[in-house]
Structure formats: structure tokens, C-alpha cells
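Chain and residue survey
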Amino acid sequence: MSIVIRSARAGDGLALRDLIVALADHQGQADLVTAKAAELEKVLCSADDHRGCLVADMDGMPVGLAYWYEVFTTFSGKSKLYLEDLIVSPQARSSGAGFLLMQKLAQICVERGYPRFEWLALSENEVGRKFYRRIGGSIKQGADTWHLPEKAIRSLAGEV
């Protein structure tokens, strides 16, 4: 078993969508995935200095992805790396793919001088939370994540 971490590239769209659907299905949210493979490929596989998508290949097959982007923080005056999604297929869990993806993200932080690396994890994702603790992660205290779903956005925008 050989795991290689690489940037997403043209032709990866369907594999990336399959990974996203598998994660959403695991979370009981498969019905929320509306992205098409071509849309994902257009964004996740394009060159951009402020975002990226890493793919974990196991024996030549995509088994994981890490989608990240840069966020400027006004307090430090520097950017940080924000991990939007870390996905490892069920058959590749405990293979080291997740660790290698996180390790590559940490290397990107060092190379770019990002002093912070952040992500969210669902409260009920105990396996993920144990993994994050094992690699040195900790829960940022004192803040709750808030969001506006599409209906609330439209309402706030006066588009009701």
C-alpha cells in the first residue's frame, strides 16, 4: 500500500464528488450534495495561490481530499490556512492518508508563513476528534460557529 499526496488535477472531478457524497452519506446529509463533478473540478482542480485541494492516492486511486483556503486575519495582520473539508474514504481510514494530508497542510503553513491552521469538526465526530487531538489539535474555546442558510441570507438581503 502506497499513499501519495498531490494537488487535485483535471480528471479528478468525479472522484472528488464521490468522496464528498460518501462523507455526506456517512453524516446522513447526502441529499445536501448538489455539486456536479464538473463544477468541483473547475474550482478544486484549478491553480490558485489562495486555495488548494490535495488528493491522497492509495495505489493510484483517490481515497482522500483536503480542500483549504487562505483567510486574512486582522488581529495578526497575516493569513491563516482554513481547512474546509478533510475526507478519507471508509476503506482508507486508518491507512495514514488523513495524517499525510494534514502533514502536507502543515508544511504549506510553514512554507507560506501562516501562523494558524484551523478547521471545524462535528461534535458527534468522535473518531475525527480523537485523530485531531492525536496530531496536536485542540478546540478553540470561546467562540461558536454561526451561519446563515440560503433562506436567511435572502431574507436578510431583503429578497424574500
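Scroll up a little and you will see the structure.
To keep things clear, this report deals only with the structure shown in the data block. Quick caveat, the model's predicted, so the values are computed rather than measured.

Regarding the overall build of the protein
The number of helices and strands found in the protein is five helices and five strands. Ordering the α and β elements of the protein from the N terminus gives β-α-α-β-β-β-α-β-α-α. The C-alpha radius of gyration computed for the protein amounts to 17 Å, which stays within 12% of the reference 15 Å derived for 160 residues, consistent with globular compactness. In terms of overall dimensions, the protein has C-alpha extents of about 55 × 35 × 35 Å along its principal axes. Expressed as a percentage of the 160 residues in the protein, the buried residues total 32%.

Topic: the nonpolar core
By size, the foremost hydrophobic cluster in this structure holds 21 residues, and its most contacted members are Ala66, Leu81, Leu86, Leu101, Met102, Leu105 and Ile108. Listing elements by their share of this core, those giving two or more residues are strand 2 (51-58), strand 3 (61-73), strand 4 (78-88), helix 3 (97-112) and helix 4 (126-134). Element by element, the count of residues in this core is highest for helix 3, at six residues. Those residues in contact with Leu101 that sit more than four places away from it in its chain are Ile5, Leu54, Val55, Ala56, Gly64, Leu65, Ala66, Leu86, Ile87 and Val88. Listed in part, the 15 residues of the second largest apolar core include Ala24, Val33, Cys45 and Cys53.

Some words on the sheet that holds strand 2
If you walk across this open sheet you meet the five strands as 1-2-3-4-5, and the pairing is mixed. In this open sheet, the two strands that pair with only one neighbour each are strand 1 (3-7) and strand 5 (117-119). The average angle at which neighbouring strand axes cross in this sheet is 30°, direction not considered. In this structure, strand 2 lies alongside strand 3, joined through eight bridges in antiparallel fashion. Bridge assignment links Met58 to a residue of strand 3, and that residue is Met61. Contacting strand 2, strand 3 and strand 4, helix 1 (residues 13-26) crosses the sheet at an angle of about 85° to strand 3. Across the sheet, helix 3 touches strand 1, strand 2, strand 3, strand 4 and strand 5, and the angle it forms with strand 4 is around 170°.

Section: helix 3
When the terminal C-alpha atoms of helix 3 are compared, their 23 Å separation across 16 residues agrees well with the 22 Å that a helix rising 1.5 Å per residue should span. Ala97, Gly98, Leu101, Met102, Leu105, Ile108 and Cys109 are the residues of helix 3 that are buried. Down the axis of helix 3, the buried side of the element spans an arc of 135°, and every buried residue falls inside it. What points out from helix 3, more than 90 degrees from its buried face, is the exposed set Val110 and Glu111. Elements that come into contact with the buried residues of helix 3 comprise strand 1, strand 2, strand 3, strand 4, strand 5 and helix 4. A positive backbone phi angle near 75° is found at Gly113, which sits one or two residues after helix 3.

Quick look at the side chain of Asp12
With respect to the helices and strands, Asp12 occurs in the loop between strand 1 and helix 1. A relative accessible area of 7% means that Asp12 is categorised as buried. When near neighbours in sequence (up to four residues on either side) are disregarded, Asp12 contacts Arg6, Ser7, Glu41, Cys45 and Val55.

Side note on the packing of aromatic side chains
In total, this model carries five aromatic pairs according to the counting rule given. Their ring planes at 50° and their centres at 5.9 Å tell us that Tyr67 and Tyr69 sit as a pair that is tilted. Accessibility expressed as a relative area gives 16% for Tyr67, which makes it buried. Among the aromatic residues, ring-to-ring pairing joins Phe117, Trp119, Phe131 and Tyr132 into one connected group.

Conventions and cut-offs
- Residues numbered from 1 in each chain as written.
- Predicted model: local features only at pLDDT ≥ 70, side-chain atom pairs only at ≥ 80, totals over all residues.
- Heavy atoms only, no water.
- Helix = DSSP H or I, 4+ residues; strand = E, 2+ residues; numbered from the N terminus.
- Rg over C-alpha atoms; globule rule 2.2 N^0.38 Å.
- Buried < 20%, exposed > 50% of the residue type's maximum accessible area, 1.4 Å probe, protein only.
- Core = buried A, V, L, I, M, F, W, Y, C linked by side-chain atoms within 4.5 Å.
- Contact = heavy atoms within 4.5 Å.
- Pairing = 2+ DSSP bridges.
- Axes fitted to C-alpha atoms, helices over the stretch in contact; angles between N-to-C directions.
- Expected span 1.5 Å × (residues − 1).
- Arc of directions from axis to C-beta.
- Phe/Tyr/Trp six-rings, centres within 6.5 Å; stacked < 30°, edge-to-face > 60°.

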